[in-house]
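Descriptive analysis of the structure
Given next are the chains, with one letter for each unit.
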Amino acid sequence: MDKIRVLLIDDEPGFTRMLKMNLERHGFEVMVENNGAYAHTVARDFLPDFVFLDVIMPDVDGGEAASKIRSDPSLKDVPIVFLTAGVSKETTRVKRNVIGGETYIAKPATVDEIVRCIEKKLGKKTGAAS
C-alpha cells in the first residue's frame, strides 16, 4: 500500500521537524515547507494527499496559500487543515474544529490528533494511530 503523502507548511522549523519525524514513524510520507510563499510550488511538485497549513506566517498568510493551492486543478481536491496557535483548543472543540467553514486544529496538537484528522478527512483508517 502506498504511503499517505502529507505536506506540512509552517514557519516554525522546530514544530515541523518534530511533527514530520512523528508522522513518518506512523507510516506517512511527509514533506515540509517553512516558507508559506512556496506553499503552492511545493504542493504542485509533491502532490500531497493531505495538507496541514499554518494560518499565521510572516511571508504569506495561510488563507492566501490555501487559495493558491485550491486554485490548481491538480490540487483542488486535496484536503487542507489549518494549524494555528491563534485559536484555543476549547474554541475548536466547541465548534467541532470548523471555523468559518474551514477545518482547524489548535496548536499545540498531539500526533494522535493529527493522525485522527487525516483519517477523518480522507475517510479511511491509516493504521498509523497508536
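Preceding this paragraph is the structure being described.
1. Considering the overall build of the protein
- Counting secondary structure elements, the protein contains five helices and six strands.
- Overall, the protein shows an N-to-C arrangement of helices and strands of β-α-β-α-β-α-β-α-β-β-α.
- Residues classed as buried in the protein amount to 44% of the 130 residues present.
- Carbon and sulfur atoms provide 52% of the accessible area of the protein, an area that totals close to 7000 Å².

2. Focus on the packing of helix H2 (residues 39-46) against helix H3 (residues 62-70)
- Interhelical geometry of H2 versus H3 gives an angle of 35 degrees and a closest axis separation of 9 Å. Like other packed secondary-structure pairs, H2 and H3 cross with a definite hand, here right-handed. Of the residues in H3, those touching H2 at Ala 39, His 40 and Ala 43 are Ala 65, Lys 68 and Ile 69.
- Among the residues forming the contact of H2 with H3, the class breakdown is four nonpolar, one polar and one charged.

3. Thoughts on the nonpolar core
- In terms of nonpolar packing, the biggest core is built from 18 residues, with Leu 7, Ile 9, Val 51, Leu 53, Ile 69, Ile 80 and Phe 82 touching the most fellow members.
- Where this core is concerned, the elements lending two or more residues are strand E1 (5-9), H2, strand E3 (50-54), H3 and strand E4 (80-84).
- At four residues, H2 tops the list of elements feeding residues into this core.
- Apart from the residues within four sequence positions on either side, Leu 7 is in contact with Met 31, Ala 39, Val 42, Ala 43, Phe 46, Pro 48, Phe 50, Val 51 and Phe 52.
- Formed by 17 residues, the second largest nonpolar core is a distinct cluster that contains Leu 8, Phe 28, Val 30 and Leu 83.

4. Examining the packing of helix H1 (residues 13-25) against helix H5 (residues 111-122)
- It is the contact of H1 with H5, at a shortest axis distance of 10 Å, that shows an interaxial angle of 65 degrees. At the point where H1 passes H5, the crossing takes the right-handed sense. Within the contact between the two elements, H1 uses Leu 19, Asn 22 and Leu 23 and H5 uses Val 111, Ile 114 and Val 115.
- By residue class, the composition of the contact of H1 with H5 is five nonpolar, one polar and no charged.

About the cut-offs
Residues numbered from 1 in each chain as written. Predicted model: local features only at pLDDT ≥ 70, side-chain atom pairs only at ≥ 80, totals over all residues. Heavy atoms only, no water. Helix = DSSP H or I, 4+ residues; strand = E, 2+ residues; numbered from the N terminus. Buried < 20%, exposed > 50% of the residue type's maximum accessible area, 1.4 Å probe, protein only. Areas by Shrake-Rupley, 256 points an atom, 1.4 Å probe, with all protein chains shown as cover. Axes fitted to C-alpha atoms, helices over the stretch in contact; angles between N-to-C directions. Left-handed = near helix turned anticlockwise from the far one by under 90°. Contact = heavy atoms within 4.5 Å. Nonpolar A, V, L, I, M, F, W, Y, C, P; charged D, E, K, R; others polar. Core = buried A, V, L, I, M, F, W, Y, C linked by side-chain atoms within 4.5 Å.

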